[in-house]
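One-letter residues, chain by chain:
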Protein chains: 2
Amino acid sequence: MKELRTERTTVKRSPSRGKYGREDLFEVLDAAYVCQIGFLHDQIPYVIPTAYGRDNEYIYLHGSTKSRLILNLLSGQVCCINVTLLDGLVLARSVFHHSMNYRSAVIIGKAEELVGEAKMRGLKIITEHILKGRWGESRSPNDKEMKATAVVRIPLQEGSVKVRTGPPKDEKEDYDLDIWAGELPISTEYGKPLADPDGNRTIEIPDSIKKMTDGRHNA
Amino acid sequence: MKELRTERTTVKRSPSRGKYGREDLFEVLDAAYVCQIGFLHDQIPYVIPTAYGRDNEYIYLHGSTKSRLILNLLSGQVCCINVTLLDGLVLARSVFHHSMNYRSAVIIGKAEELVGEAKMRGLKIITEHILKGRWGESRSPNDKEMKATAVVRIPLQEGSVKVRTGPPKDEKEDYDLDIWAGELPISTEYGKPLADPDGNRTIEIPDSIKKMTDGRHNA
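So, a few notes on the structure that sits alongside this text. Note that the coordinates shown come from a computational prediction; the quantities given were computed from them, not determined experimentally. (Residues numbered from 1 in each chain as written. Chains lettered and ligands numbered in written order. Predicted model: local features only at pLDDT ≥ 70, side-chain atom pairs only at ≥ 80, totals over all residues. Heavy atoms only, no water.)

**Some remarks on the overall build of chain A**
Counting secondary structure elements, chain A contains six helices and twelve strands. In terms of overall dimensions, chain A has C-alpha extents of about 65 × 45 × 35 Å along its principal axes. Summarising the internal contacts of chain A: among those between residues at least 6 apart in sequence, 72% fall at separations of at least 24. Once the 32 positive and 31 negative side-chain charges of chain A are each reduced to a mean point, those two points are 4 Å apart. (Helix = DSSP H or I, 4+ residues; strand = E, 2+ residues; numbered from the N terminus. Contact = heavy atoms within 4.5 Å. Lys, Arg positive; Asp, Glu negative; His and termini not counted. Charge placed at Lys NZ, Arg CZ, Asp CG, Glu CD.)

Okay, here's the thing in C-alpha cells:
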C-alpha cells in the first residue's frame, strides 16, 4: 500500500515523531470521536469539529445540506482534517522541554458527495463509529431526513500521523536539577449511561453500550 | 463587554446552542489543553493541534521560529482556532438524531508576535496553562531557547461558543419506540504521575501536580 507521505504532509518539527503508514492513520481515526475539519470560506481557514466514521481508505462526514461546511466541501476545494488524542502532560525540568503525549492525524483531500445506496452506507459508517451496533438498534433515516442530510467521503491518500510517547527529554545538564519530572497520563472514561428522562426508562441498556463501556474507544 | 458575535461567527446550525459572551469562551478555553488552529498555506486550510494558554482577552501560542504554523501566523493572515471538549455520546431513537454533548469554541483573529518581557510572560501563561505552578518549579528559558521560540497572541474579540447538553431530542412519534435512548457521559481522568525513569526518582511529586489531579481541568 502506498504511504501517505507527500512533501506537504511531511512532519518537519520533531520529524522522528512522524509516521506515514495507512495502519498508523487507521489506529488514530478509529480511537477518536471528533475530527476538526479546516475549510476555506471568504479566505478564512475555518476550523469546525464534527463527527465522522472510517471504512477502509475513506473518512466519512455528514451534515445539513445547508451547512457552510458541507457547501464549501462540495465546492471541490482541498480540505484538511485533524484528529488528536491527548494521552498525557509531559513535565520536563526545563520550561522549554514541556510537552504533551499525543496521537495526531492530518489528512488532506477533496470531498466526494455520496448518493443513493452509498449515502445510506456512509450514514451507517458514521453511526457505527459513534457506537458499534447502533445502526441496527435505531430507527433508520426516512426520506425527509435523507433529503436534509449530505454525506461525503474523503480518501485517506495523503496525510501524516504524529505521535509522542514517554518521559520528557531534557538537556543533559538539567537531569541533575532538583526538579520533579515525568508524565501525567490522561485518559478518557465512560460514565454510567443515563436513560432519557422523557422516554420509557424500563427499556434495558443494549449490548452495544455495555460493550462500549468495556473500552473499545478512548477518545 | 462587547460580545464575540459577528456575522461570520454566528452559529447557523442549531442556533440555540450558540453563546457569545466572553465568560462562555473563557470557560471552554480554560478547561482544555489542546487547540486546533487553522491557517492558510498554499491555498490549503491546514489544521494543526497545539498547546495554548489564556490570559484575560488573549489566547497565547508558541512554536519554533521556523515552523510553518508560526511563519504563516506571522504573515498577518486571519486564522481560526477551535477548542472542543467532548462530554458524551447522545444516543437517540432515530439514527438522524444521534449527536454528541460537547463544548466548542471558535475564535477568528490575527496573531501578534510578542517580544522581550511580553514574550517571556506569554511563555509563562502557556506553561501555567499546562500545569498551574509549574513555571516557578521549572528551569526558566535561556537565551538560546528564547531565540528558537516564537510566542504570539490572538485577541479574543470575534468568535462563538457552541454547547450541547442533555438527552436526545427525537421526533415526537419516536418516543414510543422500544429503543433505549439516552446519554453516555465521557470524561477525562488523570492517571498516576510517572516519574522520569532517567532522572532522580526520589524527588517528591510537587503540589502543582497533586492539586491538578484533584481536577481543575477536564480536557
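**So, the environment of Ser138 of chain A**
Residue and element names in this part refer to chain A. Within the element layout of this structure, Ser138 appears in the loop between helix 4 (134-137) and helix 5 (143-148). The exposure class assigned to Ser138 is buried, which follows from its relative accessible area of 8%. With eleven residues separating them in the primary sequence, Ser138 and Thr127 have C-alpha atoms 9.6 Å apart. Polar side-chain contacts of Ser138 include one of 2.7 Å to the backbone oxygen of Arg134. (Buried < 20%, exposed > 50% of the residue type's maximum accessible area, 1.4 Å probe, protein only. Polar contact = N/O pair within 3.5 Å; in protein donor to acceptor, adjacent residues only side chain to side chain.)

**Examining the nonpolar core**
If you look at the biggest cluster of nonpolar residues, it comprises 66 residues, and the most contacted ones within it are Leu29, Leu61 and Ile154 of chain A together with Leu29, Ile59, Leu61 and Ile154 of chain B. Once residues lying within four places of it in the same chain are set aside, the contact partners of Leu29 of chain A are Tyr52, Arg54, Ile59, Val83, Ala105, Ile107, His129 and Leu156 of chain A. (Core = buried A, V, L, I, M, F, W, Y, C linked by side-chain atoms within 4.5 Å.)

**Observations regarding the relation of the copies chain A and chain B**
In screw terms, the move from chain A to chain B is a rotation of 180° and a rise of 0.0 Å along the axis, fitting with an RMSD of 0.0 Å. Such a combination of rotation and displacement between the chain copies is what one expects of a two-fold axis. Looking at chain A, 100% of its interface residues are interface residues in chain B too, so the copies touch through the same face. (Least-squares fit on C-alpha atoms with pLDDT ≥ 70 in both.)

**Here's the deal with the packing of aromatic side chains**
By the definition in use, this model includes two aromatic pairs over all chains. The interplanar angle of 20° and the centroid separation of 5.8 Å between the aromatic rings of Phe39 of chain A and Tyr46 of chain A together place this pair among those described as stacked. In this structure Phe39 of chain A comes out as buried when scored by relative accessible area, which is 1%. Since its relative accessible area comes to 2%, Tyr46 of chain A is described here as buried. Residue placement shows Arg68 of chain B over the ring face of Tyr46 of chain B; its charged tip is 4.0 Å from the ring centre. Over the ring of Tyr58 of chain B we find Arg153 of chain B; its NZ or CZ atom is 3.7 Å from the centre of that ring. (Phe/Tyr/Trp six-rings, centres within 6.5 Å; stacked < 30°, edge-to-face > 60°. Lys NZ or Arg CZ within 6 Å of the ring centre and 35° of its normal.)

**Some words on the sheet that holds strand 9 (residues 149-155) of chain A**
Residues and elements named next belong to chain A. Read from one edge of the open sheet, four strands run 4-5-9-8, paired in antiparallel fashion. Of all strands in the sheet, those bounded by a partner on one side alone are strand 4 (53-55) and strand 8 (112-114). Each strand axis lies, on average, 35° off the axis of its neighbour in the sheet, ignoring direction. In this structure, strand 8 lies alongside strand 9, joined through three bridges in antiparallel fashion. Residue pairing in the sheet places Glu113 in a bridge with Val152 of strand 9. (Pairing = 2+ DSSP bridges. Axes fitted to C-alpha atoms, helices over the stretch in contact; angles between N-to-C directions.)

**Observations concerning the interface of chain A and chain B**
Taken together, the contact pairs 88 residues of chain A with 88 residues of chain B. In total, chain A and chain B occlude about 7400 Å² of area from one another, counting both sides; carbon and sulfur atoms represent 68% of this. In terms of surface lost to chain B, no three residues of chain A exceed Val95, Arg139 and Trp180 of chain A, which account for 11% of the buried area on that side. When the shortest N-O distance is used, the salt bridge between Asp196 of chain A and Arg93 of chain B registers 3.1 Å. In this assembly, chain A and chain B are joined by 31 residue pairs in polar contact (both at pLDDT 80 or more). Here the residues of the side of chain A that touches chain B sort into 49 nonpolar, 21 polar and 18 charged. Both strand 11 (residues 182-190) of chain A and strand 12 (residues 194-195) of chain B contribute to a ladder of two bridges, which runs antiparallel. By the bridge assignment, Gly182 of chain A is partnered in strand 12 of chain B with Ala195 of chain B. (Buried area = accessible area lost by both parts, 1.4 Å probe. Salt bridge = Lys/Arg side-chain N within 4 Å of Asp/Glu carboxyl O. Nonpolar A, V, L, I, M, F, W, Y, C, P; charged D, E, K, R; others polar.)

**Overview of the side chain of Glu183 of chain B**
Residue and element names in this part refer to chain B. Counting through the fold element by element, Glu183 comes out in strand 11 (residues 182-190). This buried residue, Glu183, is left without a salt bridge; Arg164 holds the nearest opposite charge, at 6.2 Å. Among the polar contacts listed, one links the side chain of Glu183 to the side chain of Asn101, at a separation of 3.1 Å.

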